Every structure is written in structure tokens, then in C-alpha cells.
Amino acid sequence: MQDQATEVTAAGIARLAGVGRAAVSNWRRRHADFPKPVGGTETSPSFALTEVEAWLRKQGKLAEVPLRERVWQQLAGHPQGPLTALVHAGCALLLIHERPTVWLSVSDGSDERLARLLPGALEQVLLPRLGGPMGVALTGGAARDPSAAVNTPDGTPAVDDTPTAPAVNTAGAAPGVNGPLPFLASVPLLRGVADLAAEAGARQTFEFLLGRHLDANPRQYTLTPAELAALMAALAGPARRVLDPACGTGALLRAVDARPDQELYAQDSAPGLAALTALRLALNSRAAVHATAGDALRADAYPELRADAVLCHPPFNERNWGHDELAYDPRWEYGFPARTESELAWVQHTLARLADGGTAVLLMPPAAASRRSGRRIRADLLRRGALRAVLALPVGAAPPYNIPLHVWVLRRPERTPVSPEVLLMDTGRFAGEGRGGPDWTAVREAVLDAWRDFGRAEGPVERPGLVRAVPVIELLDDDVDLAPARHLPPPAVVDGAEQLAVVRERLGETLRRTVELTPPPAATAPPVRRPLTTVGELARGGALVMRTGGNGGHARLPVLTDADVLAGTAPSGALPVSDEEAVLTEPGDVVVPVLGGGSVARVIEEDAAGAVLGRNLVLLRPDRTALDPWFLAGFLRGTANNRQASSYASTATRLDVRRLQLPRLPLDEQRRYGARFRALDEFERALRHTSRLGEQLMRGMYDGLTDGTVAPD
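Thresholds applied
- Residues numbered from 1 in each chain as written.
- Predicted model: local features only at pLDDT ≥ 70, side-chain atom pairs only at ≥ 80, totals over all residues.
- Heavy atoms only, no water.
- Helix = DSSP H or I, 4+ residues; strand = E, 2+ residues; numbered from the N terminus.
- Contact = heavy atoms within 4.5 Å.
- Areas by Shrake-Rupley, 256 points an atom, 1.4 Å probe, with all protein chains shown as cover.
- Polar contact = N/O pair within 3.5 Å; in protein donor to acceptor, adjacent residues only side chain to side chain.
- Pairing = 2+ DSSP bridges.
- Axes fitted to C-alpha atoms, helices over the stretch in contact; angles between N-to-C directions.
- Parallel < 35°, antiparallel > 145°, perpendicular 65-115°, else oblique.
- Nonpolar A, V, L, I, M, F, W, Y, C, P; charged D, E, K, R; others polar.
- Salt bridge = Lys/Arg side-chain N within 4 Å of Asp/Glu carboxyl O.
- Left-handed = near helix turned anticlockwise from the far one by under 90°.
- Buried < 20%, exposed > 50% of the residue type's maximum accessible area, 1.4 Å probe, protein only.
- Core = buried A, V, L, I, M, F, W, Y, C linked by side-chain atoms within 4.5 Å.
- Phe/Tyr/Trp six-rings, centres within 6.5 Å; stacked < 30°, edge-to-face > 60°.
- Expected span 1.5 Å × (residues − 1).

Under the annotation held in an unreviewed UniProt entry, the chain carries the name N-6 DNA methylase and is attributed to Streptomyces misionensis.

Shown next, in the form of C-alpha cells:
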């Protein structure tokens, strides 16, 4: 009966059945026995998962709900919300991972028995793995102690009356037969999670569910990309005790190469995020984990901690960070931050939690390097040797993706003399095209090489436009501006005029090639009515296979994104690594974006083969004995065709690929059309290449004239 409480939206039904949302709308209109809404709103209703599953099977539209999808829908439709469901699932997975025999014992029986025995079983694993801050053990009687556990009756993460509270509750000791059963609503989900863990593993199951939740709620969380987290952890270096005072979902601490003798400390003002971090770290490492819910600036959970390393992605541009109540806080060793300088408050908090010689690595907005309100604190950080490096990342490295964020590396000064230089670096040259993100391999190699060289006596090799060790005295002017680009010499343009001549020659060749590829004058033809078919009918008849892009990627494979398809570029994206089966492209596939309302279809050739199909893309794999791929792609691009197959929401246009039409023609005739469509595609690519070369030549001329490497005549 509890499973009946799990609700699923129309989008979830479409995902279960492997169809578009338009198909679900059609089912609701055409079938009187389609399940009635049980919740949601009039414009976005929700349905009982069990009723939907039964109806899909009855209609022959679903042989069996995939286990991964069923578990996700149970989590997303949990009556207490997906965040609580994730925490409950993480607790169960930690029990399965640490004490599998205990899980088998408590789960053998009714749902009520499992709900009654689970809190006591969890205490066996949560207490040893998630001890209280600074090593204080969790005890049932320590609910009012900020350094000990808070046991709540409902088993959900919550902050108690004290300023801070451990992130994950033990849900009390065994509450008794007549007491509350906080996990009862989650039992169907937990059984499904256990089945999924038996297939994929406990760690992988939690990462899959967490990744799907974050992907489904992109505006609720500010995430740190895995590549950036790994870079920041590498800059911090090996450390026995590591702190993240604004841990979010734990990406930075998860990137630490944790060992059993290490201690990981986490704190976040959002109780749910602190709980997820605690469970994530406990599942992915053998290090001692201490996680606490609370605002680290207003209610620091670890005032006595002296960590070897601090990693932090603080909230940006916060006015309500505690300016008024923290005016005399001893952490402001380098100056009291202005109300508009919340980031400099976090900088000083991390320095206060470091042991002498320890390293802090923070992700910072670029404004923090140059705002006048922070210049005195920046100057004192420089004078006392606390600030060691400011590294400008490429645009698109982390949200917000439209600005180049900075990484600050700080060290708590020891008594030994400090170097009178600061490492400034601008990696903007490694920015990627479109939404694929930067070239992380190049960024990582360049940054770590420069940081290692900076630590040596001879220092880093200065590279114009990229890296320079700047004397502190040079930065201590009225502005104390630390933006790397303002202190790096411009990149040397070697033989700039000759390079521009090469670009100009390539542009001329491309223009001539474009003229050759220009389609001949169109020959008029009398209107003709041809029998039509749809992509959906072709898929049902076996003439093509239809697949949709997923939410999981592969660590070693690039992702073909909708931006790549629209721009005609090589696969450049990335997706969270998961156990979800990825759809890989093959030569001859036709890929169609489903969002945006454009008339675009791309035939996959060798340069894009073997990539993972990204989100918002549909792949059509034609049977070559019945369907020519270029014929298929060409007719799918018709404007009228796209218009009749599109549906319109308040803010977006979505294409129902199954409704796209094409004529029924013999294969020989298809190939005639296909050859013409292929020629048009080659002409289109030549135009794009011409545009890129023209922009490169124009920018090079402007830069050459302004920096003196090109003469005006």
C-alpha cells in the first residue's frame, strides 16, 4: 500500500515507456481507462506509479519497468520529498555496504518489521562511520550538544535548536512497536534500492540517484564540476585532515584521494546537503567522516580544528553573511570584511582553520580580486604571505558559466620567511567551444606544472599571456588588483603578419571551395502528391531504430550535445559518469535535437562516431537496405515538417520526432535525394568554416594593429 503513495509526472511516464511527452498526452485523451491524477496541479498533474505501471503493461506498452527507472520514480515521487528519500536511501545503502548480513536480517519480513528494526540497525553503522565533530561519538543523550548527535523522531535531516547539528541522524534507537516508524513510507524505495545495489553496487547506486536528482533540479544547486574539484584537490596536495566548510553535495571532498588514516570534515548550512555529503563520503572512502549542518561563518562546528588542507566553493555575493553580528570575530586576522565582501570572510575563515603551513584552495568570483572594498584585506594577505596564487579559469569551467572564475591558493604562514612573489595565471586560452566546457586536460597540466615550479627555488618559467610570478611589491598599489590578465605580458605574436597571411590564404581557398559547392539554380517541378509515412511508423516496422539521449556518460568517451549538432562541431560535452547504459553513435545514424524549434538533423560520420548521445537528442539508426540516411535527414529538416511535429510550452518548443514525415520512395530514388542533401550539407559546413576563418582573420588584424605586430600599411 505504501508504494501507492509514489507519484509520477507525465515526464516520468514518458521516460518509463521510452516515448515523448506528447504520446502521454495522447494516451490521456484517447484512453478512458488511463489512470486519473492523484496530485500535482492542473497543468502538471501527477499519477500513482503502480496504476501507471499496470496500465502500461495492460496496453502492451511496457513489458517491465527497468529497475533503475522504477527506483528513481519511487525516489522522485516520495511523499516526504526527494531529498529525504535520498538520505533514507543513502542510509540503507551504507548499511548494505558496511553490514550486508544485518540488512538481510532486518529486511526479511514485512514492511512494518523492516521500518521498526531499521533505526537500530542503522545505528550500528552510522555511529562508527559518521562520528560527531572532532571525533566525539554520537549518543542518544547528546541532542543539545553541538558536537554530538541530534536524534529526531522522523529520521530526516534537520537542525536542532543548537547552532550546528551532525548531518545524518540515527533516527533514534529502536522506537518500539507502538512508536513512530519514520522509515515506513520509504520501505518500498529501500527494497528497490537494495535490489539495484545488488546489480550495480551500493556506491554506484547512490551516485546514480544523486546525479539524477541534481540533474532534475539544476536551479536548486550550485555544483562544482568533477574536473575542477580534482584540480583544486591536487593544488591542496596530500593532507591528513581536510575541511570543506561549505560542502554542498561533497564534490570537493570526494575528489580528495582519501586514505583510512585521513579525516574529512564537512559543514553546510543546508541540512539536506550536509547529510548527502556525509553519506557520499562514507560510501566512497574509508576515511573518518565528520559532517555537520550549520552556517560555518555564524556557527562554526569545528572551532578547534587545524586542518592540513581546506577546500571551499563558498556562496558568492551574499550580503547576509553575518556582517553585523561578527564584527569582533577573531577570525578577521587580515581585516574586517565589508558587507559586500562575503568571499573575503570565507577566505579568512579557511585560513583560521588551517594548521601552520596548511593550504587552502577556494573558488572565487573574479570581482573579489579587484573590488575596491576589499583592497585592504587583499593587501594584508599579500604582505603576510598568505595569498600564494590567483588562477583565472576559462569561461565555462563552473557555474555561472558566462564568467571566468578564479581559484585562490592560500597558505597559513609559518615562522619561516615567505616568498615575496605571487603566482598569477590566466588559463582562458583553454576555453572550449559551445557548451562543452574547457580543455580540462590542458588546464590541469598547465596549472599543476606552474604550481610545482613556483614551489621550487628557481620559480616558474614565465610564459606571456599564461603565467608569471609577480613580486608582491608590484601589486601593492592603490587598487591591489589581483586579476591575472592585468599583470601578464600579452602573448608574443611570433611572425604575426605571416600567420595572418596563412589564415587569409586558407580563407581564400575556403571561399573558392564554397563557390564551387554553391547549389546550381533550382529546377522547377510540378507539385506532386506522394504517399507519406512517419518516423514512428518506420520504427514500428523495423526500418529504423529510435533511441533517446540519457543522463549518464562514460569517463573516457566524449558526449555529443545538442549544441554540437546545431553547430556541426565534434562531440565536446560531458555527462556525470553513471552505470546507465549509454547510447553510442555509429556512422550513418541520424541525430535530431528535440528542443528549440529548429529544423536540424545531422548524419553521423567518422568524426563523431563512438560518442555518447547527450540529453535532448534523438538518434535514428536506419536499416540501410530500406532507408538511406541522407534521404532521411534531408526530409526531417523541412521547415513545414518540423512545424507540424512540434508542440509548444510557455517557454520552449519541443519536437515529437515520431511525428516527422517523409515520402515513401524506392531506395534508388531515396539515394538520388540523399546525394543532393549530402551536397547541401557539405556546402553548409563550408559556409561555417568560412565564417570561422573570417572571424579569426578579423580578430588577428585588430590584435596585430593594436599591439604593434602588424603595420597599418
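Q: What's the story with the overall build of the chain in this structure? I'm lost.
A: The secondary structure content of the chain amounts to 22 helices and 23 strands. For the chain, the proportion of contacts with a sequence separation of at least 24, taken over those separated by at least 6, is 72%. Summing over all exposed atoms, the chain offers an accessible surface of approximately 33000 Å²; the carbon and sulfur share of this is 51%.

Q: What exactly am I supposed to notice about the side chain of E263 here?
A: Along the chain, the position of E263 falls in strand β6 (residues 263-268). Of the polar contacts made by the side chain of E263, one reaches the side chain of Y265; its length is 2.7 Å. Among residues more than four places away in sequence, those in contact with E263 are R240, R241, V242, A288 and H290.

Q: What is the right way to read the sheet that holds strand β1 (residues 7-9) from this model?
A: Two pairing modes exist for strands in a sheet, parallel and antiparallel, and in both the strands are linked by backbone hydrogen bonds. The antiparallel open sheet is built from three strands, whose spatial order is β1-β3-β2. Of all the strands in the sheet, just β1 and β2 (39-40) have a single pairing partner and so form its edges. Pairing of β2 with strand β3 (residues 45-48) involves two bridges; the strand directions are antiparallel. From the neighbouring strand, G39 faces β3, where its bridge partner is S46. Docked against the sheet, helix α1 (residues 10-17) engages β1 and β3, running at close to 85° with respect to β1.

Q: It is not clear to me how the packing of helix α5 (residues 82-98) against helix α9 (residues 202-216) should be interpreted in this structure. Could you clarify?
A: Pairs of packed helices are described in terms of their axes, by the angle between the two and the distance that separates them. Packing of α5 against α9 brings their axes to within 9 Å, and their N-to-C directions diverge by 170°. As far as their axial angle goes, α9 and α5 are roughly antiparallel. Where α5 approaches α9, its residues P82, L83, L86, A89, G90, L93 and H97 are matched on the opposing element by A202, R203, T205, F206, L209, L210 and H213. Counted by class, the contact of α5 with α9 contains nine nonpolar, four polar and one charged residues.

Q: What exactly am I supposed to notice about the pattern of salt bridges here?
A: As a working rule, side chains carrying opposite charge can pair if their charged atoms are close by. In this structure the tally under the stated criterion is 40 salt bridges. E605 is the partner of R678 in a salt bridge, and the nearest nitrogen-oxygen pair spans 3.3 Å. With a gap of 73 residues between them, R678 in helix α22 (residues 667-707) and E605 in the loop between β18 (602-603) and β19 (612-613) connect regions that are remote in the sequence. Members of the salt-bridge network, linked through shared partners, are E333, D356, D380, R384 and R412.

Q: Can you walk me through the side chain of Q73 in this structure?
A: Of note, Q73 is situated in helix α4 (residues 67-76). Contacts of Q73, omitting those with residues within four sequence positions, involve T6, E7, V8, G12, R15, L16 and L49.

Q: What is the right way to read the packing of α4 against α9 from this model?
A: Contact geometry for α4 and α9: axes closest at 11 Å, N-to-C directions at 60°. Between α4 and α9, the interaxial angle falls into the category oblique. Between α4 and α9 lies a crossing of right-handed hand. Residues R68, E69, V71, W72 and L75 of α4 form the contact with α9, whose own contacting residues are F208, L209, R212, H213 and A216.

Q: Mind showing me how you'd approach the sheet that holds strand β20 (residues 617-622) here?
A: The strand order across the open sheet built from four strands is β15-β20-β17-β18, with neighbouring strands paired in antiparallel fashion. Edge positions in the sheet fall to β15 (544-548) and β18, since each has one partner strand and no second. With five bridges connecting them, β15 and β20 associate as antiparallel partners. Directly across from M546, in β20, lies its bridge partner L620. Packed onto the sheet, helix α20 (residues 629-636) meets β15, β17 (590-593), β18 and β20 and runs at close to 15° relative to β17.

Q: When you look at the pairing of strand β13 (residues 467-471) in this model, what are you seeing that I'm missing?
A: With four of five residues buried, β13 lies mostly within the body of the structure. Pairing between strand β12 (residues 421-426) and β13: five bridges, direction antiparallel. Bridge pairing in β13 places M425 opposite V467.

Q: Where do I start with the pairing of β12 in this structure?
A: The side chains of a regular strand alternate between both faces of the sheet. Taken across its six residues, β12 has five buried, putting it largely inside the fold. Here four bridges tie strand β10 (residues 387-392) to β12, and the two strands are oriented parallel to one another. Its bridge partner lying in β12, A392 is registered against D426.

Q: Just to check I follow, could you spell out the nonpolar core for this structure?
A: Most often, soluble globular proteins keep nonpolar side chains buried together rather than apart. Ranked by size, the top nonpolar core spans 98 residues in total, and within it W103 and L235 carry the most contacts. Among the elements that make up this core, the one with the highest residue count is α5 (ten residues). When residues no more than four places from it in sequence are discounted, the contact partners of L235 are T359, V361, L391, V407, V409, V447, L448 and W451. Core analysis: the next-biggest nonpolar cluster, separate from the first, contains 42 residues, A296, L305, A379 and L410 among them.

Q: Even after reading the chapter, I still don't get the packing of aromatic side chains, so can you show me in this structure?
A: By convention here, two paired aromatic rings are described through the distance between centres and the angle between planes. Scanning the entire structure with this criterion turns up eleven aromatic pairs. Here the aromatic rings of W321 and W332 are separated by 5.9 Å at their centres, their planes lie at 85°, and the arrangement is edge-to-face. Residue W321 is located in the loop between β8 (307-312) and α13 (342-352), and its partner W332 is located in the loop between β8 and α13; the two are separated by eleven residues in the primary sequence. Each member of the pair, W321 together with W332, is buried. Between the aromatic rings of F631 and Y673, the centroid separation amounts to 6.5 Å while the plane-to-plane angle is 65°, which identifies the pairing as edge-to-face.

Q: How do you make sense of helix α12 (residues 271-284) when you look at a structure like this?
A: The α-helix winds at 3.6 residues per turn, so residues separated by three or four positions along the chain end up facing the same way. The end-to-end C-alpha separation of α12 is 20 Å, in line with the 20 Å expected for 14 residues at 1.5 Å each. Most of α12 is tucked away, with twelve of its 14 residues classed as buried. Within α12 the residues assigned to the buried category are G272, L273, A274, A275, L276, T277, A278, L279, R280, L281, A282 and L283. Among the structural elements, α5, α7 (111-129), α9, α11 (251-254), β6 and β7 (288-293) are those in contact with the buried residues of α12.

Q: I keep staring at unusual backbone geometry and nothing clicks. Help me out?
A: Glycine aside, residues mostly have negative phi angles, and peptide bonds mostly take the trans form. Cis geometry is adopted by the peptide bond preceding P400, which originates at P399 and carries an omega value of -5°. Looking at where P400 falls in the secondary structure, it is placed in the loop between β10 and β11 (406-411). Its identity as a non-glycine residue notwithstanding, N317 has a phi of 55°, on the positive side. By relative accessible area, which is 53% here, N317 ends up exposed. One non-glycine residue, V480, adopts positive backbone phi at about 45°. Within the element layout of this structure, V480 appears in the loop between α16 (472-475) and α17 (496-517).

Q: Looking at this structure, how should I read α9?
A: The terminal C-alpha atoms of α9 lie 21 Å apart, and with 15 residues this matches the ideal 21 Å at 1.5 Å per residue to within 8%. For α9, the full list of buried residues reads A202, T205, F206, E207, F208, L209, L210, R212, H213 and L214. Next to the buried residues of α9 lie α1, α4, α5, α8 (187-200), α11 and α12.

Q: Help me understand the environment of D562 in this model?
A: Locating D562 in the fold gives a position in helix α19 (residues 562-567). What makes D562 buried here is its relative accessible area of 15%. Between the C-alpha atoms of D562 and G573, which are eleven residues apart in sequence, the distance is 9.3 Å.

Q: Explain the environment of S110 to me, please; I cannot follow it from the model alone.
A: Locating S110 in the fold gives a position in the loop between α6 (100-107) and α7. Taking the C-alpha atoms as reference, S110 lies 9.6 Å from V187; in sequence the two are 77 residues apart. Polar contacts involving the side chain of S110 include one to the main-chain amide nitrogen of R113, which spans 3.1 Å.

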